[in-house]
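As a plain string of letters, each chain reads:
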Amino acid sequence: MKLKKLILAAVGMAVGITGLTVAEPVQADEQYMPLLVYRSGPYAPGGIPYANGLVDYFKYVNAQGGVNGVKLTWEECDTGYNTARGVECYERIKIKDGKKGAVVMPLSTGITYALIERAAKDGIVIHSMGYGRTAASDGTVFPLVFTAPATYWSQATAITKYIGSEVGGMDKLKGKKISLVYHDSAYGKEPINTFIALSKKYGFKFTKHPVAHPGLEQKATWLTIGRKIRPDYVVMWGWGVMNSTAIKEAAAVKFPMDRFIGNWWAASENDTRPPGKASIGYKAASFYVPGNFTKLHADILKGLYGGDKAAALKNNWGEVLYNRGMVNGAIIIEAMKVAQKKFGNRSVNGTEIAYGFENMDMTEERFAELGMKDFMKSIKLSCADHEGTSPLIITQWDGNTWKPVSDWIMPDHAMVRPMYKEAAMKYAKEKGITPRKCM
Amino acid sequence: MEFLHAMTIGPIVEIIEYPTFFMEVLIGGLLTGVMYSLVALGFVLIFKASGVFNFAQGAMVLFAALTFVGLMEHGLPMWAALIATVAVMIALAYAIERLVLGKLVNQEPIILFMATLGIAFFLDGFGQTIWGSDVKPLDVGIPSDAIDVGGVLINWFDITAAVVAGLMVAVLAIFFQKTRIGRALRAVADDHQAALSVGIPLKTIWMVVWSVAGIVGLVAGVMWGSKLGVQFTLSLIALKALPVLMIGGFTSIPGAIIGGLIVGAGEKVAEVFWGPAVGGAIEDWFAYMLAMAFLVFRPQGLFGDKIIERV
Amino acid sequence: MFYREAGQFKTNYAKDQGIFPILQDRIWIYFVLVVAFVIIPVFGTDYFLGSIMLPFLVLSLAAIGLNILTGYAGQLSLGTGGFMACGAFAAYKLSTGFPDMNIIIVFLLSGGITAFVGVMFGIPSLRIKGFYLAVATLAAQFFLLWLFNRVPWFTNYSDSGVISAPPRAIFGDFFITGPDATHLSKYLFVVTFVILFALAAKNITRSGTGRNWMAIRDMDIAAEIIGIRAMQTKLSAFAVSSFYCGVAGALWAFLYSGSVEPLSFDVNRSFQILFMIIIGGLGSIMGSFLGAAFIMVLPILISSLPGMLGLSIPVDVISHVEFMIMGALIIFFLIVEPHGLARLWTVAKEKLRLWPFPH
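## Some thoughts on the overall build of chain C
Here is step 1 of the chain: Along chain C, the regular secondary structure elements total 14 helices and 2 strands.
Here is step 2 of the chain: Taking 21 Å as the expected radius of gyration for a compact globule of 359 residues, we find that chain C reaches 21 Å, a close match to that expectation.
Here is step 3 of the chain: Principal axes of the C-alpha set define a box for chain C whose edges measure 70 × 60 × 45 Å.
Here is step 4 of the chain: A buried classification covers 53% of the 359 residues belonging to chain C.

## A word on the pairing of strand S9 (residues 205-211) of chain A
Residue and element names in this part refer to chain A.
Here is step 1 of the chain: Of all 7 residues that make up S9, 5 are buried, and the element is covered over most of its length.
Here is step 2 of the chain: Pairing analysis gives 7 bridges linking strand S8 (residues 177-183) to S9, with the strands arranged parallel. By the bridge assignment, Tyr182 is partnered in S9 with Pro210.

## A closer look at the nonpolar core
Here is step 1 of the chain: Core analysis: the biggest nonpolar cluster contains 372 residues, and B:Val209, B:Leu245, C:Val58, C:Leu61, C:Ala62, C:Tyr244 and C:Leu251 have the highest contact counts within it.
Here is step 2 of the chain: Not counting residues within four places of it along the chain, the set of residues in contact with B:Val209 comprises B:Leu45, B:Ile46, B:Ala49, B:Ser50 and B:Leu185.

## Considerations on the sheet that holds strand S16 (residues 402-404) of chain A
All names here are of chain A.
Here is step 1 of the chain: Strands sit in the order S9-S8-S10-S11-S12-S15-S16 across an open sheet of 7 strands; the sheet is mixed. Sheet topology places S9 and S16 at the edges, where each strand pairs with a single neighbour. Ignoring which end each strand starts from, the neighbouring axes of this sheet average 30° apart.
Here is step 2 of the chain: Across 3 bridges, strand S15 (residues 393-397) lies against S16 in antiparallel orientation. Bridge pairing in S16 links Gln396 to Lys403.
Here is step 3 of the chain: On top of the sheet, helix H7 (residues 192-202) reaches S8 and S9; it is set at about 165° to S9, its chief contact.

## Regarding the interface of chain B and chain C
Here is step 1 of the chain: Taken together, the contact pairs 39 residues of chain B with 36 residues of chain C.
Here is step 2 of the chain: In terms of residue count, the dominant contributor to the side of chain B that touches chain C is helix H6 (residues 109-131) of chain B (14 residues).

## Focus on the pairing of strand S12 (residues 283-286) of chain A
All names here are of chain A.
Here is step 1 of the chain: The side-chain alternation of S12 yields two buried faces, one formed by Lys283 and Ala285 and the other by Ala284 and Ser286.
Here is step 2 of the chain: Here strand S11 (residues 260-262) runs beside S12; their pairing, made up of 2 bridges, is parallel. Note on S12: the bridge partner recorded for Gly262 is Ala284.

## A short note on the domain arrangement of chain C
Residue and element names in this part refer to chain C.
Here is step 1 of the chain: The domains assigned to chain C are domain 1 (1-8 + 20-43) and domain 2 (44-354).
Here is step 2 of the chain: Its C-alpha centre places domain 1 at a distance of 26 Å from the equivalent point of domain 2.
Here is step 3 of the chain: Residues belonging to the side of domain 1 that touches domain 2 are distributed by class as follows: 6 nonpolar, no polar and 1 charged.

## Things to note about the confidence of the model for chain C
Here is step 1 of the chain: Summing up the model confidence of chain C, the mean pLDDT is 89 and the portion of residues at 70 or higher is 99%.
Here is step 2 of the chain: Predicted complex, confidence summary: ipTM 0.89, pTM 0.91.

## Section: the domain arrangement of chain A
Residues and elements named next belong to chain A.
Here is step 1 of the chain: Its domain assignment divides chain A into domain 1 (29-150 + 292-389 + 414-439) and domain 2 (152-286).
Here is step 2 of the chain: The straight-line distance from the C-alpha centre of domain 1 to that of domain 2 is 27 Å.
Here is step 3 of the chain: Broken down by secondary-structure element, the contributors of at least two residues to the side of domain 1 that touches domain 2 are helix H2 (44-63), helix H4 (109-122), helix H13 (320-343) and helix H16 (413-431).

## Quick look at H4(A)
All names here are of chain A.
Here is step 1 of the chain: Counted at 1.5 Å a residue, the expected span for H4 with its 14 residues is 20 Å, and the 19 Å between its end C-alpha atoms agrees.
Here is step 2 of the chain: Its axis deflected by about 45° at Leu115, H4 carries its strongest bend there.
Here is step 3 of the chain: Counting buried positions over the 14 residues of H4 gives 10, a clear majority of the element.
Here is step 4 of the chain: Considered for burial, the residues of H4 that qualify are Thr109, Gly110, Ile111, Thr112, Tyr113, Ala114, Leu115, Ile116, Arg118 and Ala119.

## Some words on the interface of chain A and chain C
Here is step 1 of the chain: Each partner contributes to the interface: chain A provides 41 residues, whereas chain C provides 37 residues.
Here is step 2 of the chain: Broken down by secondary-structure element, the contributors of at least two residues to the side of chain A that touches chain C are helix H1 (2-18), strand S2 (71-78), helix H3 (83-93), H4, helix H6 (186-189) and H16 of chain A.
Here is step 3 of the chain: Per-class residue counts for the side of chain A that touches chain C are 13 nonpolar, 12 polar and 16 charged.

What counts as what
- Residues numbered from 1 in each chain as written.
- Chains lettered and ligands numbered in written order.
- Predicted model: local features only at pLDDT ≥ 70, side-chain atom pairs only at ≥ 80, totals over all residues.
- Helix = DSSP H or I, 4+ residues; strand = E, 2+ residues; numbered from the N terminus.
- Rg over C-alpha atoms; globule rule 2.2 N^0.38 Å.
- Buried ≥ 20, exposed ≤ 12 C-beta atoms within 10 Å, placed from the backbone.
- Pairing = 2+ DSSP bridges.
- Core = buried A, V, L, I, M, F, W, Y, C linked by C-beta atoms within 7 Å.
- Contact = placed C-beta atoms within 7 Å.
- Axes fitted to C-alpha atoms, helices over the stretch in contact; angles between N-to-C directions.
- Domains from an automatic or database assignment.
- Nonpolar A, V, L, I, M, F, W, Y, C, P; charged D, E, K, R; others polar.
- pLDDT = per-residue confidence, 0-100.
- Expected span 1.5 Å × (residues − 1).
- Bend = angle between axes of the 7 residues up to and from the residue.

Laid out in structure tokens, this is it:
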């Protein structure tokens, strides 16, 4: 009951004002994690499950005895998906009780952009998992930014590959029409240049359709797409209420749902539930298999919720975005473990965890060991490659759950990597950075 | 040159070439405009009766919809939830009159405007604290299938919205013209002092107006909520209602409907036919620019009361 | 007892017309300057300087800008965010297009460009008044943001439409933007800049132009009848106001956040700054600072209070409660003192003058 929380908050405030409580000092070695989350504001429906998944994974790790004996502590700060607030949050919680965070997840492309310089100066790693500045996958220019397992640009190539396989081969793409509907912000604009390059390479016709924040009104967009351009496929880079509205409007112009593919931020239950029946058949990309079938899910359910499935579901357990937060947590803990192998079983700092990321080799077996069998493929990074070569999968909404409908698709890394390099070099030149050498 | 063509001749040729598509866009726009009018009506009611530019109308729409859905989620049947929400909105109106407006009598309009912004903040936070900020699907049984009328695709949902808006305007018109309270409201709108002196209880009247605006907000919230799902962004549709108000005039109920139609049709046609030439997503500012252009010729809006200034 | 002007004689007109004619006020101002230039830099932590003082000062500057337009000239505007964006993007284009230009010149020029844009959007104010004008300025807000979002030239064809400040020094190695700039150097630069601009604003409002603005504000028709030209007066208010907002936007993008996308200057920013001047006090430069402090610092305080006290309240509850407290406080202040914090300040001074013998 939310009312209880309200009263709790009110009491808390009252207690706070009278100044009763004092934080007690901590003794044991702990790994501090500053968490930039958003549980309020227009994008809260997407931010809440992600944050829940992440925190649940950390709690689960602590319940297992921590990371090689090092317990995790964390502090949340609510950014409201607002860049200025996010920057303030970062500055506020990057250090707590004298402990500096080693890694930060900005959870918004805009905030990532704003933090790249600051975090580099502070020696804190940014892990922007599947969002943020794509060019930052180049480890020579951005030693402390990681985009694993995949970037927007890779995702665009993978989605195009999927469309190619649907129409019967990449050569059949010639003359087809693909439209991109995107959130008119830094986030939504990321894949445009990739799609333009792809359209040149495969000879399909590409049109793009911006939707202004927050995306409440899309009738004109969809009339143009559905009744005038009539593309063979529509790809969407949407977020928040924009996604469900797009699905509704697409249904209103009778655009076939199975040819409407969202990116992985337009792939959650929040997007497909509000439109009801209209969204059956809608597809979206992902880098893991949706569902709550893994051993890890069962362990979390048992360990943290005492087997109370209703309570777990209320906390978004097993939802697409919950899983993403969980995977994010798993990758970071894995990086920490790799770093501990070299630096000893203690808490690690930014450069140490960056070493952990760069030497990470998460194979399918490793994921299975972590309780995530058949959940994700693999992540292997290096000093220069901060993205890795993880394959993606296309999922489909069947009215109740998301189901995988494709094989694992390897993005066209050969095509996007030179583009990363070019963008990273442009950045390095603008900022006067000398790229480091990688072996 | 190419750009000039895309801005001038291109769209006109396209409209003539595909008349059914143009009709579709136009009708779609008009029907969307009606949805804007639903929100704009609440603004008009309050401005008309008390001269307050109530920016909290958007937040009231959200709050009403959240309460309605939240109560339904707690197992109340729809009719009971509806009645309970109406009661909540009336209580809210009472609280606003008592705690805010009653204390700000005789203040400048901008101060009252700011106070409503404060109310908006409060309601946004309060609604979310109680009901949470996740998306709540709302299904009140409005069909959403599209029908084909001579090659023009029309959505049942939009038609329903139009009918609801029409009904609401009719009810409000009857309320204002025929009932005793309605006449009192008009008297207050004309002249506070004179209304007071003939014995119209100002406080009660304001409370009634805010209650009615709250109920109008509930209707708008239910319509928008079943279109988009009920969540925080609903309070932002207030921004879509503002150009409607400017065109229609802050004080005219039919103006809100006509303004809605103009804005809806204008922005959709502009977006579809002129948008691609400049990169799209022009809807938002186009509505405001259109409204500004109207105002330069008629500073009080199409149906607004004539502005008379005395030194 | 302490705050008396008895015995302070003015021997020439210049002294009589000074900004701070009373000695105690001057002492107070020197004290503020000492705090701003010595105490805060010496004792402030990086977080305090970089995340509280910087945005506070920059937003104060924007609030002064809006106060000139709304508080002094009476033209209600909701386009502040758009004008700030205009300044930010102008500064970006100028500093990347002319890398050798001194960053101070860049800021001033971007202010000038914004002033021009502001005048363009101020033209409708000659016909439209009151809330209609407020809504009409939203056209500027939405149009400018759309423009910077849509035209890739403004962002130097960046993939995502985000601009980020190139490293620049005002002289030698004194970097104020980019990774080499410390919070301290940024703070010192901004605080100097803002104080100079605040003084300039104070003087403009006391000049003939400022008096014309106030005449137009109090009743434009009457002002016209006594011979004040409405067009020049209104447009000059738009120009000066937009200049301030533009510079504030450039400072925000370059010194505070380092990189911005147009969405950072959305309509909420405009509302935030409007709140500042109303809570602070319409028609008061001092009020702009007080309002900015209140609106900017309070939410941070509310949201970090439970953390500081070691309470664990879920962050979403904190955010929602923050909204509620903000809303309630705004209403509370409007009821208690509709003329803003600046008015409270004046009242306090009046009281102090008579203290301890009020009769």
